[in-house]
Amino acid sequence: PVTLSDNAIRMATEQIGQERATQDRQPVAAAWNPEAVELPAGPQQPPQRLYGSIDATSTRTEEGWRQPKLGCWYTTAPPRHKRASRNGNQRWKSSTIMLIWPQLKRSGD
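Quick notes on the rules
- Residues numbered from 1 in each chain as written.
- Predicted model: local features only at pLDDT ≥ 70, side-chain atom pairs only at ≥ 80, totals over all residues.
- Heavy atoms only, no water.
- Helix = DSSP H or I, 4+ residues; strand = E, 2+ residues; numbered from the N terminus.
- Buried < 20%, exposed > 50% of the residue type's maximum accessible area, 1.4 Å probe, protein only.
- Contact = heavy atoms within 4.5 Å.
- Areas by Shrake-Rupley, 256 points an atom, 1.4 Å probe, with all protein chains shown as cover.
- Polar contact = N/O pair within 3.5 Å; in protein donor to acceptor, adjacent residues only side chain to side chain.
- pLDDT = per-residue confidence, 0-100.
- Phe/Tyr/Trp six-rings, centres within 6.5 Å; stacked < 30°, edge-to-face > 60°.
- Salt bridge = Lys/Arg side-chain N within 4 Å of Asp/Glu carboxyl O.
- Patch = residues over 30% accessible without salt bridge, like charges linked within 9 Å, V, L, I, M, F, W, Y side chains within 5 Å.

Participant: Which parts of the structure should I look at to understand the overall build of the chain?
Facilitator: If you tally the helices and strands in the chain, you get 2 helices and 5 strands. In the chain, the order of α-helices and β-strands from amino to carboxyl end is α-β-β-β-β-α-β. Out of the 109 residues belonging to the chain, those deemed buried represent 7%. Looking at the chain alone, contacts between residues at least 24 apart form 39% of all its contacts between residues at least 6 apart. As displayed, the chain offers around 10300 Å² of accessible surface, 53% of which is attributable to carbon and sulfur atoms.

Here it is in structure tokens:
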């Protein structure tokens, strides 16, 4: 049988916890660093039409009030039928969603 002291188990658990916390922080830090974000390649040809929809809200954080903005950019496919085209009905084709989270401005900055 293998025996471990309570102290050995505690030390191993704390070490593994610290390693895991470091691993968990790295992708979060990279997500908030605009220089670390690698954007996907754009389309070979620009779309014939590009639609956009943007909205914002106010939210209270521990640091103060912020106004994050959410945007969705999308293209549509041509209608399958002439009747749909006359009614203005478009079919969604692809979209990109982005979130802008503003940094809190402090007085004196």
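Participant: Would you mind going over the side chain of threonine 61 with me for this structure?
Facilitator: With respect to the helices, strands and loops of the structure, threonine 61 is situated in strand β2 (residues 59–61). Here the side chain of threonine 61 touches glycine 64 through a polar contact of 2.7 Å, landing on its backbone oxygen.

Participant: For this particular structure, what's the right way to read the confidence of the model for the chain?
Facilitator: Low pLDDT marks stretches whose predicted atomic positions should not be read closely. Averaged over the chain, the pLDDT score is 76; the fraction of residues at 70 or greater is 64%. For the chain, per-element mean pLDDT is lowest for helix α2 (residues 82–86), which scores 56, and highest for helix α1 (residues 6–31), which scores 87.

Participant: What should I look at first to understand the packing of aromatic side chains in this one?
Facilitator: To describe a pair of aromatic rings, you give the distance between the ring centres and the angle between the ring planes. Inspection of the entire model under this criterion finds 1 aromatic pair. Between the aromatic rings of tyrosine 51 and tyrosine 74, the centroid separation amounts to 5.4 Å while the plane-to-plane angle is 15 degrees, which identifies the pairing as stacked. Placement of tyrosine 51 in strand β1 (residues 51–56) and of tyrosine 74 in strand β4 (residues 69–77) is noted, with a sequence separation of 23 residues between them. A relative accessible area of 27% places tyrosine 74 in the partly exposed class.

Participant: Just checking my understanding: could you explain the pattern of salt bridges for this structure?
Facilitator: Where charged atoms from two side chains of opposite charge approach closely, those side chains can pair. Considering all chains together, one arrives at 3 salt bridges under this definition. Between glutamate 63 and arginine 66 there is a salt bridge; the shortest N-O distance is 3.7 Å. What makes glutamate 63 partly exposed here is its relative accessible area of 41%.

Participant: Sorry, what's going on with a nonpolar patch on the surface here?
Facilitator: On the surface, a cluster of nonpolar side chains totalling about 330 Å² of accessible area is made up of Val2, Leu4 and Ile9. Positionally, valine 2 belongs in the segment before α1.

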